Amino acid sequence: MIFRILEDQFAQKAREARDADRRFMQLALALGRRGQGRTWPNPAVGAVIVKDGVIVGRGWTQAGGRPHAEPEALRRAGEAARGATLYVTLEPCSHFGKSPPCADAAIAAGIKRVVAAIEDPNPEVAGQGHARLRAAGITVDVGLCAAEAAFDHAGHFRRIRDRRPHVTLKLAVSPDGKIGAAGGKPVAITGDAVRDRVHLLRARSDAILVGIGTVLADDPLLTCRLPGMGAHSPVRVVLDQNLRIPATSKLVQSARETPLWVVASELAEAAAVTRLGAAGAQIIRIPPGGTPGLDLPAVLHALAEKGITRLMVEGGSRVAASFVSSDLVDEVWLFRGAEAVGADGVDALDALPLSKITQSQAYRVHASETFDRDTLTIYGRA
Ligand SMILES: NC(=O)c1ccc[n+]([C@@H]2O[C@H](COP(=O)([O-])OP(=O)(O)OC[C@H]3O[C@@H](n4cnc5c(N)ncnc54)[C@H](OP(=O)(O)O)[C@@H]3O)[C@@H](O)[C@H]2O)c1
Ligand SMILES: [Zn+2]
């Protein structure tokens, strides 16, 4: 009988400890997401330090990718880190980059246990961070909330494993399947609440990409215009083989405040390259790839080389269709508005039916939301 009671008490304690671990890791994940869109080329990591059930330090990767999350949390914890547990959403780094390894900082601070959500696939780390901690006598538990961490770090993982960014396609589609009006006439497909959600997605992306057709039709600015979040604007990228982008466009006019990268063919005129360069834009030249437009795998590779981990594709019709048919879309944010545009409007995916996304075995619904009269369905890879 007495053994039974002790056994029950033991099981209860273990359950409570697991629940506490999960709660602290959820907090670390939420902190990590604060950095999304601003830490590239580094992953946006979150860290929490807990001693005797009390949070003594919190940190997340800072803009530009440094300091990393762990030294931020350790700095706040100070002496309280001694004997504490560190919860971190990605394996602590083990290599000397621009800063000393976080594994060493945790050892020096006297951390007793590390709970890491997932191993870092970066070959410079890849298990060595955990090994270094274990060699110093620290208990290391890996895998708590691993699926959520993999989702949050999708950009970093994709860039390391496939040498391209994680691609999120955003489409705002009318009930009759259109994303724009005929002849470039301005038309609002969705309302104000959706606009805010899109701007938040922009803030969480490292870069945002459109085709030159959208620039010529809409003259967009593509910044994040949520109050106080201007500095969260992503790098703006335009696919424009022959550098047709007008010097008077909002994108070019604002290139000195918010980076503008124009991706062109190697055959684009040198004079246009000089003109745009003088206006503050960067030109990325891509060799011809045998397809009518720019070779998308080469474009994505070039963006990853420059450090982009999370890319938002905002259209238009032809660019969206190219990404979908090249199987380069990892996530789709499909907003649906309430007002029809009319048969002469611009089709969502050019010649492709929207069912290439909505009915495809390749995608499954990840989440959905409602905004006034509009809806959002988020699809992820199946
Ligand atoms: N509702 C929405 O969510 C939304 C969002 C954005 C835009 N839109 C609408 O979409 C319309 C514009 O769409 P659009 O199809 O005309 O233009 P687009 O898709 O923005 O741009 C197409 C152009 O991009 C260039 N390009 C370079 N490489 C490409 C590649 N690999 N694949 C495809 N294009 C490539 C090509 O021009 P070059 O050969 O000259 O390089 C091509 O003509 C507008 O009506 C706009 O309002 C709607
Ligand atoms: Zn680190």
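Keep in mind that this is a model prediction, so the values were computed, not measured. (Residues numbered from 1 in each chain as written. Chains lettered and ligands numbered in written order. Predicted model: local features only at pLDDT ≥ 70, side-chain atom pairs only at ≥ 80, totals over all residues. Heavy atoms only, no water.)

Points about the packing of aromatic side chains
1) Next: Evaluation of the coordinates by the stated rule reveals four aromatic pairs.
2) Next: Each ring, one from tryptophan 333 and one from phenylalanine 335, has its centre 6.5 Å from the other, and the planes form 55 degrees; the classification is tilted. For the pair tryptophan 333 and phenylalanine 335, one class covers both residues: buried.
3) Next: Judged by centre distance (6.1 Å) and plane angle (55 degrees), the ring pair of phenylalanine 335 and phenylalanine 371 falls under tilted. With a gap of 36 residues between them, phenylalanine 335 in strand E13 (residues 331-336) and phenylalanine 371 in strand E15 (residues 363-371) connect regions that are remote in the sequence. (Phe/Tyr/Trp six-rings, centres within 6.5 Å; stacked < 30°, edge-to-face > 60°. Buried < 20%, exposed > 50% of the residue type's maximum accessible area, 1.4 Å probe, protein only. Helix = DSSP H or I, 4+ residues; strand = E, 2+ residues; numbered from the N terminus.)

Overview of unusual backbone geometry
1) Next: At the junction of tryptophan 40 and proline 41, the peptide bond is cis and its omega measures out at 10 degrees in the coordinates.
2) Next: Mapped onto the elements of the fold, proline 41 is located in the loop between helix H1 (2-33) and strand E1 (46-51).
3) Next: That bond from arginine 66 to proline 67 is cis: its omega, -10 degrees, falls within 30 degrees of zero.
4) Next: Within the secondary structure, proline 67 is located in the loop between strand E2 (54-60) and helix H2 (69-77).
5) Next: Located in the positive-phi region is aspartate 350, a residue other than glycine, with phi close to 55 degrees.
6) Next: Structurally, aspartate 350 can be placed in the loop between strand E14 (346-347) and helix H13 (355-358).

Brief notes about the coordination of the zinc ion (ligand 2)
1) Next: Donor atoms from the polypeptide that bind the zinc ion (ligand 2) are His68 (ND1), Cys93 (SG) and Cys102 (SG), placed at 2.0 to 2.3 Å.
2) Next: Summarised as a motif, the one-chain spacing of the donors to the zinc ion (ligand 2) is H-x24-C-x8-C. One end of the pair, histidine 68, is in the loop between E2 and H2; the other, cysteine 93, is in the loop between strand E3 (85-88) and helix H3 (102-108), with 25 residues separating them in the sequence. Exposure class is identical for histidine 68 and cysteine 93. Each is buried. (Donors = N, O, S within 2.8 Å, 3.2 Å for Na, K, Ca; no water.)

Let's talk about the pairing of strand E9 (residues 235-239)
1) Next: Within E9, five of the five residues are buried, leaving the element largely enclosed by the surrounding structure.
2) Next: Side chains Val235, Val237 and Leu239 project from E9 onto one buried face, and the interleaved Arg236 and Val238 project onto a second face that is buried too.
3) Next: Here five bridges tie strand E8 (residues 207-211) to E9, and the two strands are oriented parallel to one another. The partner of alanine 207 across the bridge, within E9, is valine 235.
4) Next: Crossover E8 to E9 through helix H8 (residues 212-218) is right-handed.
5) Next: Relative to strand E10 (residues 260-265), E9 runs parallel, the two sharing four bridges. Residue valine 238 lies in a different strand from E10, and its bridge partner there is valine 262. (Pairing = 2+ DSSP bridges. Right-handed = clockwise from strand over helix to strand, strands pointing away.)

Here's the deal with the pattern of salt bridges
1) Next: Applying the stated criterion to the full structure yields 18 salt bridges.
2) Next: When the shortest N-O distance is used, the salt bridge between aspartate 330 and arginine 164 registers 2.9 Å. Placement of aspartate 330 in the loop between helix H12 (317-325) and E13 and of arginine 164 in the loop between helix H6 (154-162) and strand E6 (166-173) is noted, with a sequence separation of 166 residues between them.
3) Next: Here aspartate 327 ties to arginine 381 by a salt bridge, and the two come within 3.0 Å at their closest N and O atoms. (Salt bridge = Lys/Arg side-chain N within 4 Å of Asp/Glu carboxyl O.)

This is a description of form; function is not addressed.
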